Amino acid sequence: MLERKQKNYTLMQADDDEDQVQRRTGEENSLIENLRKVSRHEYLKKREKKIVEKLRDDVEDEQFLFEGVDKLTEAEKREHLYKQNIVELVSKKQCLEEDVDEYRIPDDYDNLEGGRVDQNKRFYVASRRCMEEIKEIHPQQAWEENQMNKAKLIYGSKDRKQTDYQFVFEDQIEFIKATVINVEKHQSTSSESFISNSKLKEDRKALPIYPYKDALLQAVHDHQVLIIVGETGSGKTTQIPQYLHEAGYTRSGGKIGCTQPRRVAAMRVAARVSHEMGVKLGHEVGYSIRFEDCTCEKTVLKYMTDGMLLRQFLREPELAGYSVVMIDEAHERTLSTDVLFCLIKDVARARPHLKLLISSATLDAEKFSDYFDYAPIFKIPGRRFPVEIHHIKEPISDYLDAAVVTALQIHATQPQGDGDILIFLTGQEEIETAENIINHRIRALGTKRAELITCPIYANLPTELQAKIFEPTPEGARKVVLATNIAETSLTIDGIKYVIDTGFCKINSYNPRTGTESLLVTPISKASANQRAGRSGRTGPGKCFRLYTEHSYTNDLEVNTIPEIQRTNLANVVLLLKSLGINDLLNFDFMDPPPSEALLKALELLFALGSLDKDGKLTKMGERMAEFPLDPMLSKMIVASDKYKCSAEIISVAAMLSVGNSIFYSPKDRQVQADNAWMSFHIGNWGDHIALLKVYNSWKETNFSTRWCYENYIQVRSMKKARDIRDQLEDLLERVGIDLTSNVNDLEAIKKSIISGFFPHSARLEKNVCYRTIKNPQICHIHHSSGLSLVFPRWVVYHELVLTTKEYMRQITELKPEWLVEVAPHYYQLKDVEDSSSKKMPRGIGLASSK
DNA sequence: GGCCATCGA
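Residues numbered from 1 in each chain as written. Chains lettered and ligands numbered in written order. Predicted model: local features only at pLDDT ≥ 70, side-chain atom pairs only at ≥ 80, totals over all residues. Heavy atoms only, no water.

Looking up chain A in an unreviewed UniProt entry gives the name RNA helicase, with the organism given as Anisodus acutangulus. Heading Sequence similarities (unreviewed entry) of the UniProt record for chain A holds this comment: "Belongs to the DEAD box helicase family. DEAH subfamily. PRP2 sub-subfamily." Per UniProt, chain A has the following entry under Subcellular location (unreviewed entry): "Nucleus". (UniProt positions renumbered as here; feature names shortened; annotations may be inferred.)

Encoded structure:
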C-alpha cells in the first residue's frame, strides 16, 4: 500500500509536467480547462501534505506505542522503517523550504544540521514526558527496584506517617494477612497461558501485587465491589485487569474497563499491558481517549479516560458491554470520577454480576468503602525509596525568596552531580521571577561552583521549551526545575533528589452566586504535600524541604484537597445527569455532595438556555445540547447557529474557546513582535470571538501551517487541539441534524449565535472602565488580554468571569442591547436594556420571569 | 497597564 502511495507521488509529478507542456502548446485549451488543472495542482499539493502528515503521525504513534515491543512482525517492522524513511526525506526537503526562525527556540533535538529534527532524540524526549506509568512497570525498573529492596527494605518517612492510620483498617489487614497464606498454597495453579516470554513473566512476578494475586481474585469473586489501596509501583493498574482476564471474567463476552484520569496514562498503560500479553495494541488490549479510539471488537481489556466512560453512559446506560469496571486513581477525585461513582454504584445494584474495583493510592479508603455500602478494602504494599522530610523552624514571610535560597543552599552544600532539585511554585509569573533571581545570583557566585541550570515548566509553556526538563543534566552540573502543580501528578522528571515545597498552589473555585471562577493562591493539602515529597524518591532516596513548619503541616493543612465537584461549575454535569434521566439532583447520592447553590445555579442556567422545562425535565433542545462535549452555553451557541446559518463559523469559535487561553504566545524577549502579531487579529474591534475565528480561518487557509503559527506567535499545540475539537463538533452536527453552513461575512449572524448561548453573560459599561453584569449585578473589568480592553464598548457579552487580582471578563464581544431582547425574550425585557435609565439598577433586573 | 493552577469530553 505504501509503495502505491509513492507511485502516486511520481504520477503526480508526471501529471504536473504534462500540464505545463500542454499549457504552453495548446492554444485551443479553454480557460476553464486551465483553471481545472491549476486547482488540481493545488489539490495535489494539499493532498501530498496531508498524506505526509498522516505518515508522520503514524510513525510517531508507532514509535511511541511500540517502543520496546519486540513482538512486531517482520512486515510491520519493514513498513515502519519505510514510513520513517519517507517522513525523514520529506522533512529534510521541507526544512530547506521553510527556514523557520521565529519563536522556535532551538533545543537539543532539532539541532542537527539544517535544522533537521532528530526523530530518535525527539521520541526519547517525548517518551520521558510520560514516564510515570512506565516507571511503575518497566521490567528493568522492576528488577532494579527488586534488587534494591532485597538489600534493604525501607519505607519512606511518608510511609511511616501513614502507619499511624493503619490500625483503623485492622479488619482489612487481617483480611489480607489471611489471604497471603493462601497465595503461597495456590501459587502454581494460576493461569500462565498468555505469557510466553519468561523474562516478562519474571518481571510480572516481581511486582508487589503478585503474591496477592489469588487472594485478590478470591476477593473479587466474593464481593461485587472492592476498594483497592495500592501505592505507586505496586503494579495494580497493569496487573489486576490481566489477572481478571486470565481468571475468566471476559469469557462470557464482557470487557474489563479501566479508567485513568489522564490520556497519556491510558495510552501508556494499554501499550504496556498489550506488550505483556504479547498481543497487538488495539486488538485484545486497547485504549479509548477523546479523538482516538484504539479498540476493536476483539478488545477485552480497555483502558480509557474517566471522561470517556462517562460519555459512554449516554449511549450505554447499563454498561452492558462490561463485566468488570475498575476506576483507577480514584483518590484524585476528578469531576468525572466523582460522577462515575454515582452512576456506577447505581448500575452495580441493577447488575449483580458486574464487578467493580475502586483503586486509590491513599489511605482514605474507608470513605470509599463507606460510600460503596461498606465494600471490603484490599491493601497492596507499594515500593518507594525513603524520603527525608525537613520542615522549617520558624514561619517565613516570603516563600519565593526562601525557595531560591534553599535551592542555592542545596547546590552549595550537597555533593556535586548527585541529583536535581524540583521547586513547586504557583504559576508562570512566579516561575519566571524565581528563574531570574536564581540566574542572577548564580552569576554573582562566579564560576567557583558547578553550573546550576534553571528549567521552568508549566502547562502553557510551548512544547519545545517543555522538552528541556527531560534532557539529561550535563556532567557535573545540576538542574533546578521550577514547576507548577503539573509536576505533582501529570509528569515525572527523572533524577530529582531534592524537592522544595512552598506549600502553595493556585486552586480554582467557582462562586455559584456570581458565576465567577477564582484562581487564587491557596495552601495545599496534606495529601498534596506528601505527593510532592514523593517526587524526590522515585529513582533513589530523596529529601524534601518544606517551607512551612511542622506545626502548620499538622494543624493548618487540610487532609485532602476539596474534591473538584465541590468547587466547579456544574452546568455540564447537570445536563449529562438530566439526559440520563436523573431528575432529583438535590438528593442524588454524591460521595461529597456539591453545594446545593451550585446545583440550583446550574439548573437555573439550563432552564434559561431552554434545555430544561419548568418541571426540570430535559427538552428536545437539551437532548441536542447534551450531544456536545462542551459547556452548555457553548452547546447552545452551536445549536442556535443553525438558525443564523453560520454553524461552520460557530463550531470554530467554540473549538477555539474550548482550548482556553493558550492560543497566543508572548515570549518576554520578543514582546513587541508578539504584540504586533496579536494586534493583526484584533484590528477593527470585532471582539475576541471574531478574532479567534480569524486566527482559526487564517491558519486553515495556510493549510494548517506550523510555520504560520511561529510567525504569528500562536501556539501550534493549541491550534491542533482546536482543529481536533472542531472536527469532532463537525461530526456531531450531523447527529443533531444541523447543516454545516458558512456565513463568514455576516458578523451580526455570528454575534447573535454567540449571544444565543451567552446571553446570561452580558455586561454594560458603568463608569470609566468599570462594567456591571446585568444578571447578579456585579462590578467587573475587561481583561487585558482582550482586544477590546482599550475600547470600552457600552454593551458586551463575555465568555467567562475570572477573579485573579480583580474581577475580569475574558473573551468578550460587543453587542447591541436590543439583540438580547431579540434572542432571549424570556430573559430580558426592553426596560432592562434601555440605556437612559442608567442611574440605578432596579433589583432583580434581568431575571424577568425565570423562576 | 497587568497577566492563566491542572486535568478531561
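There is more to say after this.
J.: Lay out the environment of Leu200 in plain terms, naming residues and giving numbers.
T.: Mapped onto the secondary structure, Leu200 falls in helix H9 (residues 198-206). Judged by its relative accessible area of 7%, Leu200 is buried. In this structure, the C-alpha to C-alpha distance between Leu200 and Leu630, residues 430 residues apart in sequence, is 42 Å. (Helix = DSSP H or I, 4+ residues; strand = E, 2+ residues; numbered from the N terminus. Buried < 20%, exposed > 50% of the residue type's maximum accessible area, 1.4 Å probe, protein only.)

J.: Tell me about the UniProt feature "domain: Helicase ATP-binding" (unreviewed entry) in chain A, and name the residues and values.
T.: The UniProt record annotates "domain: Helicase ATP-binding" (unreviewed entry) at residues 217-381. End C-alpha atoms of residues 217-381 are separated by 17 Å, and the span's content is 39% helix alongside 25% strand.

J.: Provide a residue-level description of the nonpolar core, including the pertinent values.
T.: Core analysis: the largest hydrophobic core is formed by 110 residues, its most contacted members being Phe372 and Phe759. Looking at this core element by element, the count peaks at nine residues for helix H14 (residues 335-350). When neighbours within four sequence positions are excluded, Phe372 is seen to be in contact with Val225, Ile227, Phe341, Ile344, Lys345, Leu356 and Ile358. Judged by nonpolar contacts, the second largest core, of 38 residues, contains Val269, Ala270, Met277 and Val300. (Core = buried A, V, L, I, M, F, W, Y, C linked by side-chain atoms within 4.5 Å. Contact = heavy atoms within 4.5 Å.)

J.: Just give me the short version of the confidence of the model for chain A, but keep the residues and values in it.
T.: Across chain A, pLDDT averages 78, with 75% of residues at or above 70. Across residues 1-25 the pLDDT falls below 50, and counting only partners more than four positions away or on other chains, this stretch makes 20 contacts in the model. Segment residues 836-851 is flagged for pLDDT under 50; beyond a separation of four residues in sequence, or across chains, it makes 19 contacts in the model. (pLDDT = per-residue confidence, 0-100.)

J.: Quick one: what's the story with the pattern of salt bridges, residue by residue and with numbers?
T.: Evaluation of the coordinates by the stated rule reveals 25 salt bridges. Across the salt bridge formed by Arg204 and Glu246, the nearest N and O atoms sit 3.4 Å from each other. Here the residue Arg204 occupies a position in helix H9, and Glu246 occupies one in helix H11 (residues 236-246), the gap between them amounting to 42 residues. Pair check on accessibility: Arg204 and Glu246 agree, each one buried. The residue Arg532 makes a salt bridge to Asp501 at a minimum N-O spacing of 2.7 Å. (Salt bridge = Lys/Arg side-chain N within 4 Å of Asp/Glu carboxyl O.)

J.: Mind laying out unusual backbone geometry, listing which residues take part and the relevant values?
T.: For Arg333, which is not glycine, the phi dihedral falls at a positive 50°. With respect to the helices and strands, Arg333 occurs in the loop between strand S6 (322-327) and H14. At Phe704, a residue that is not glycine, the phi angle is positive and equals roughly 60°. Looking at the secondary structure, you find Phe704 in the loop between helix H28 (688-701) and helix H29 (706-711). By relative accessible area, which is 22% here, Phe704 ends up partly exposed.

J.: Describe the protein's contact with DNA strand B, naming the residues involved and giving the relevant values.
T.: Near DNA strand B you find 31 residues, and of these Ala459, Pro629, Asn661, Thr805 and Arg810 are the closest. Ala459 places a polar main-chain atom, nitrogen or oxygen, 2.5 Å from a phosphate oxygen of DNA strand B. At a separation of 3.0 Å, a phosphate oxygen of DNA strand B approaches a polar side-chain atom of Thr804. Counting only elements with at least two residues in the surface near DNA strand B, the list comes to helix H13 (306-315), strand S14 (504-511) and strand S21 (807-814). If you tally residues by element for the surface near DNA strand B, the top one is H13, at three residues. The class makeup of the residues in the surface near DNA strand B is ten nonpolar, 15 polar and six charged. (Near = heavy atom within 4 Å. Polar contact = N/O pair within 3.5 Å; in protein donor to acceptor, adjacent residues only side chain to side chain. Nonpolar A, V, L, I, M, F, W, Y, C, P; charged D, E, K, R; others polar.)

J.: Requested: an account of a negative patch on the surface, with residues and values cited.
T.: Negative charge collects at one region of the surface, where Asp724, Asp727, Asp731 and Glu734 lie side by side. As for its placement among the helices and strands, Asp724 is situated in helix H30 (residues 716-735). (Patch = residues over 30% accessible without salt bridge, like charges linked within 9 Å, V, L, I, M, F, W, Y side chains within 5 Å. Areas by Shrake-Rupley, 256 points an atom, 1.4 Å probe, with all protein chains shown as cover. Lys, Arg positive; Asp, Glu negative; His and termini not counted. Charge placed at Lys NZ, Arg CZ, Asp CG, Glu CD.)

J.: So what's going on with the packing of H28 against H30? Which residues, and what values?
T.: For the pair H28 and H30, interaxial distance at closest approach is 11 Å and the crossing angle is 90°. Judged on the interaxial angle alone, H30 and H28 are roughly perpendicular. Of the residues in H30, those in contact with Val695, Tyr696 and Trp699 of H28 are Met719, Lys720, Ala722, Arg723 and Arg726. Its residues assigned to classes, the contact of H28 with H30 comprises five nonpolar, no polar and three charged. (Axes fitted to C-alpha atoms, helices over the stretch in contact; angles between N-to-C directions. Parallel < 35°, antiparallel > 145°, perpendicular 65-115°, else oblique.)

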